Amino acid sequence: MAILLAPMEGLLDFALRDVLTRVGGISLCVSEFIRVTDSVLPERVFFRVVPELAHGSRTPAGVPVRPQLLGSDAACLADNAARLATLGPAGIDLNFGCPARIVNRHGGGAALLKDPEQLHHIVAAVRRALPTGLVLSAKMRLGFDDDSRAEDCARAIAAGGADELVVHARTKAQAYRPPAYWERIADVCAAVTIPVVANGEIWTVDDARRCVQASGCTNLMLGRGMVADPGLALAVLADQGATLAAGAADDPQGAPGVAGVAGDPATMPASVSATTTGIPRMGITRPGWPELRPLLLYFWQLNLAHIDARARAGRMKQWLNFLRRVYPEAEQAFTALRTVSDARVMQAWLHEHLGTPPDTAPGQDVQPGRHMPMADAAPSRTDVIGA
Ligand SMILES: Cc1cc2nc3c(=O)[nH]c(=O)nc-3n(C[C@H](O)[C@H](O)[C@H](O)COP(=O)(O)O)c2cc1C
């Protein structure tokens, strides 16, 4: 089994990717989207969203990060993908699921699911622009207004030359309202031969178990569930019987009828299988609050180093707001800090209640020789929120 960390613009940036991949269990991250309109973006834009590109496209814990492009113009996407490819990304992902009105009005994101031919055209153009061997993946919803063309869309993406497909099991119209229709992912799997990754509404180990069963997929992508519960990927892997240390992902439930998605690394594309070996982790099964405290302080330090002063307190509260779903201590912290917007006041509270920041970054020793302080890895970024 491979677990991917979802792209989440405005929430899951390089700082939170750094923190969450230190905890462990994640094989691959997909970055928040990089919007492509009518020009080839300067390199600094790619580095701003994915500073990991400066370090082999990996987080400090050694987990590959795949940049995601969002747009509707096939030629322009292809040109941008070609430039991005020169920066050594861990593959390139295409966004066919964004529900934002402004994006959809310009024909991008989920709006493309109304037009499988255009989907095919875009994927094929991007594929042609990329060097052989560079993984091209796509992420789609089940449809725009309804899910009647989900299989057509998946077939168009696969025929265009995508190597992997993530399916968020909802239509654009369903937005983020539960439930997610995992059983429809099984239909998509049956329609294509490329590996399919299931995504949507996995908050607990039990959700993951039910998603695997309903979708037939053994590869999962976790988004908000990982932000709320940073130990979720480790717990899911443990539950699925994955052999973490050996990197030999076994496949307890199998993936009946789904070609190329079995847990055997030999049947997965290199981008997924290679990352199932040597999964970085902090050496604990699942972080309790004592293990999470240094991670919160480290996240705060990253914010101090890279985020505009006015946005720092908001970033911290945003993460605490998710964590309080799982950790009562986060609920207390969130309640205490709810009205705090001054970064100095927040820092004083954090140091008083969580302790002083760690001398070394949490999980620094997980992959000897791989670690780099994120302060070096990330160019300064002042516009993270709402980028
Ligand atoms: C705040 C937020 C931002 C998101 N940004 C992106 C994005 O940039 N690209 C993308 O493909 N999906 C994006 N998504 C969708 C997620 O990747 C994921 O498909 C969705 O949250 C369902 O998975 P989950 O239930 O595990 O969170 C975003 C979702 C949220 C909540």
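Residues numbered from 1 in each chain as written. Predicted model: local features only at pLDDT ≥ 70, side-chain atom pairs only at ≥ 80, totals over all residues.

J.: It is not clear to me how the pairing of strand β6 (residues 164-171) should be interpreted in this structure. Could you clarify?
T.: Each regular strand carries side chains that alternate between the two faces of the sheet. With respect to burial, β6 is a largely interior element, eight of its eight residues being buried. Note: strand β5 (residues 136-143) against β6, six bridges, orientation parallel. Looking across to β6, one finds that S137 is bridged to E164. The parallel pair β5 and β6 is bridged by helix α6 (residues 150-160), and the resulting crossover is right-handed. Bridging between β6 and strand β7 (residues 196-199) involves four bridges; their strand directions are parallel. Each residue of the ladder has a partner; that of V166, found in β7, is V197. One crossover worth recording links β6 to the parallel β7 by way of helix α7 (residues 182-191), and it is right-handed. (Buried ≥ 20, exposed ≤ 12 C-beta atoms within 10 Å, placed from the backbone. Helix = DSSP H or I, 4+ residues; strand = E, 2+ residues; numbered from the N terminus. Pairing = 2+ DSSP bridges. Right-handed = clockwise from strand over helix to strand, strands pointing away.)

J.: Explain the confidence of the model for the protein to me, please; I cannot follow it from the model alone.
T.: Averaged over the protein, the pLDDT score is 85; the fraction of residues at 70 or greater is 81%. Across residues 243-281 the pLDDT falls below 50, and counting only partners more than four positions away or on other chains, this stretch makes 94 contacts in the model. Low confidence marks residues 365-387, where pLDDT is under 50. Its contacts with residues over four positions away, or in another chain, come to 44 contacts. (pLDDT = per-residue confidence, 0-100. Contact = placed C-beta atoms within 7 Å.)

J.: Mind showing me how you'd approach the packing of helix α12 (residues 289-306) against helix α13 (residues 309-323) here?
T.: When two helices pack together, their arrangement is given by the angle between their axes and by how far apart the axes lie. It is at 10 Å that the axes of α12 and α13 come closest, and there the two elements cross at 150°. Considering the angle they form, α12 stands roughly antiparallel to α13. α13 is crossed by α12, and the crossing has right-handed handedness. Judged by residue contacts, F299, W300, N303 and L304 of α12 engage R312, R315, M316 and W319 from α13. Within the contact of α12 with α13, the residues separate by chemical class into five nonpolar, one polar and two charged. (Axes fitted to C-alpha atoms, helices over the stretch in contact; angles between N-to-C directions. Parallel < 35°, antiparallel > 145°, perpendicular 65-115°, else oblique. Left-handed = near helix turned anticlockwise from the far one by under 90°. Nonpolar A, V, L, I, M, F, W, Y, C, P; charged D, E, K, R; others polar.)

J.: Please explain the sheet that holds β7 as it appears in this structure.
T.: Strand pairing in a sheet relies on backbone hydrogen bonds, with the paired strands running either antiparallel or parallel. Sheet architecture is closed into a barrel: eight strands sit in the order β1-β2-β3-β4-β5-β6-β7-β8, paired in parallel fashion. For this sheet, the mean inter-axis angle between neighbouring strands, taken without regard to orientation, is 30°. Summarising the sheet, strand β3 (residues 65-70) and strand β4 (residues 92-96) pair through two bridges and their orientation is parallel. Note on β4: the bridge partner recorded for Q68 is D93.

J.: Would you explain the site of the ligand in this entry?
T.: Surveying the vicinity of the ligand reveals 22 residues, the closest of which are A6, P7, E9, G223 and R224. Elements represented by at least two residues in the shell around the ligand include exactly β2 (28-35) and α9 (224-228). Of the residues contributing to the shell around the ligand, the split by class is eight nonpolar, nine polar and five charged. (Near = placed C-beta within 6 Å.)

J.: Got a minute to help me understand the packing of α13 against helix α14 (residues 328-337) in this structure?
T.: The N-to-C vectors of α13 and α14 enclose an angle of 140°; their axes lie 8 Å apart at closest approach. Classified by the angle between their axes, α13 and α14 sit oblique to one another. With respect to the hand of their crossing, α13 and α14 are arranged in left-handed fashion. In contact with K317, L320, N321 and L323 of α13, α14 contributes A330, A333, F334 and L337.

J.: In this structure, what is going on with the nonpolar core? I would like to understand it.
T.: As a rule of thumb, nonpolar side chains are buried together in soluble globular proteins. Counting 112 residues, the largest nonpolar core has I157, L165 and L220 as its most contacted members. The element that contributes the greatest number of residues to this core is α12, accounting for seven residues. A domain-level breakdown of this core finds at least three residues from each of domain 1 (3-276) and domain 2 (289-362). Here I157 is in contact with L119, V123, A138, M140, A162 and L165, once residues within four sequence places are set aside. (Core = buried A, V, L, I, M, F, W, Y, C linked by C-beta atoms within 7 Å. Domains from an automatic or database assignment.)

J.: I would appreciate a short explanation of helix α3 (residues 74-85) in the present structure.
T.: Because each turn of an α-helix spans 3.6 residues, side chains separated by three or four positions in sequence point in the same direction. With 12 residues, α3 extends 16 Å from end C-alpha to end C-alpha; this agrees with the ideal 16 Å at 1.5 Å per step. Among all positions of α3, only A74, L77, A78, N80, A81 and L84 are buried. In an axial view of α3, the angular spread of the buried residues amounts to 165°, which keeps them on one side of the axis. Where α3 is buried, its residues contact α2 (43-49), β3, β4 and α5 (116-129). (Expected span 1.5 Å × (residues − 1). Arc of directions from axis to C-beta.)

J.: What is the right way to look at unusual backbone geometry in this model?
T.: With glycine set apart, most residues show a phi of negative sign, and most peptide bonds adopt trans. Cis geometry is adopted by the peptide bond preceding P179, which originates at P178 and carries an omega value of 5°. Along the polypeptide, P179 turns up in the loop between β6 and α7. Phi angles above zero are rare outside glycine, and S57 is one such case at about 60°. Inspection of the secondary structure assignment puts S57 in the loop between α2 and β3.

J.: Explain the pairing of β7 here, please?
T.: Because side chains alternate across β7, one face comprises the buried residues V196 and A198, and the other comprises V197 and N199, equally buried. Sheet topology note: the β7/strand β8 (residues 220-222) ladder contains two bridges and is parallel. Paired with N199 across the two strands is M221, which belongs to β8. With helix α8 (residues 205-215) bridging β7 and its parallel neighbour β8, the resulting β-α-β unit is right-handed.

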